Amino acid sequence: MRADPKYIRFKEWMLENGARFPDVDFPVAFGHHGELMGLAANKDIPPMRGFLFVPDKLMITAEKARRDPVLGPIIKKHPEVFGGNTLIDETTEIVVFLM
């Protein structure tokens, strides 16, 4: 899995854009057949210590969806779909943003 070009490119992109994950290995396969991809600690990580640091510019958020020049006006125009302030509403905004 670590030799897969898509994971190599993704990891390089993350690092080039300021992400840091010094105490974990990526990617790592979990599950009975390696069907779950994730991170694995490569040393003991004490409680309350961060292990994955992702800059805001790489985050996909509902707020960024609302500020998007194309999607933002649609969100404002359709409060019946996007008008709430709940996790479900924000998830809907992010899903549509990704589309």
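Residues numbered from 1 in each chain as written. Predicted model: local features only at pLDDT ≥ 70, side-chain atom pairs only at ≥ 80, totals over all residues. Heavy atoms only, no water.

(A) Layout of the overall build of the chain. Within the chain, the secondary structure is distributed over five helices and two strands. Starting at the N terminus, the α and β elements of the chain follow one another as α-β-β-α-α-α-α. Taken over C-alpha atoms, the radius of gyration comes to 17 Å for the chain, far larger than the 13 Å a tight globule of 99 residues would show. Its C-alpha atoms give the chain principal-axis dimensions of about 50 × 30 × 30 Å. Taking all contacts inside the chain whose residues are at least 6 apart in sequence as the whole, residues at least 24 apart take part in 42%. Taken as a whole, the chain presents about 7,400 Å² of accessible surface, with 62% of it coming from carbon and sulfur. (Helix = DSSP H or I, 4+ residues; strand = E, 2+ residues; numbered from the N terminus. Rg over C-alpha atoms; globule rule 2.2 N^0.38 Å. Contact = heavy atoms within 4.5 Å. Areas by Shrake-Rupley, 256 points an atom, 1.4 Å probe, with all protein chains shown as cover.)

(B) Spatial organisation of the pattern of salt bridges. For the structure on display, the rule yields seven salt bridges. A salt bridge links Glu-63 to Arg-66; the shortest N-O distance between them is 3.1 Å. Of this pair, Glu-63 and Arg-66 both sit in helix H2 (residues 62-67), three residues apart, which is roughly one turn of the helix. Glu-63 sits in the partly exposed class, given a relative accessible area of 39%. Judged by its relative accessible area of 26%, Arg-66 falls in the partly exposed class. Several salt bridges share partner residues, and in doing so they unite Glu-63, Arg-66, Arg-67, Glu-90 and Glu-93 into one network. (Salt bridge = Lys/Arg side-chain N within 4 Å of Asp/Glu carboxyl O. Buried < 20%, exposed > 50% of the residue type's maximum accessible area, 1.4 Å probe, protein only.)

(C) Spatial organisation of the packing of aromatic side chains. In total, this model carries four aromatic pairs according to the counting rule given. Measuring from centroid to centroid gives 6.3 Å for Tyr-7 and Phe-26, while their planes differ by 85°, and the two rings are edge-to-face. A residue pair is termed long-range when its members are at least 10 positions apart, and Tyr-7 in helix H1 (residues 5-16) and Phe-26 in strand S1 (residues 24-30) qualify at 19 residues. When sorted by exposure, Tyr-7 lands in the same class as Phe-26, which is buried. Among the aromatic residues, those joined into a cluster by ring pairs are Tyr-7, Phe-10, Trp-13, Phe-21 and Phe-26. (Phe/Tyr/Trp six-rings, centres within 6.5 Å; stacked < 30°, edge-to-face > 60°.)

(D) Representation of the side chain of Asp-23 in the model. Locating Asp-23 in the fold gives a position in the loop between H1 and S1. Here Arg-49 takes part through its side chain, which lies 3.1 Å from a polar atom of the side chain of Asp-23. Those residues in contact with Asp-23 that sit more than four places away from it in its chain are Ala-40, Ala-41, Asn-42, Lys-43, Ile-45 and Arg-49. (Polar contact = N/O pair within 3.5 Å; in protein donor to acceptor, adjacent residues only side chain to side chain.)

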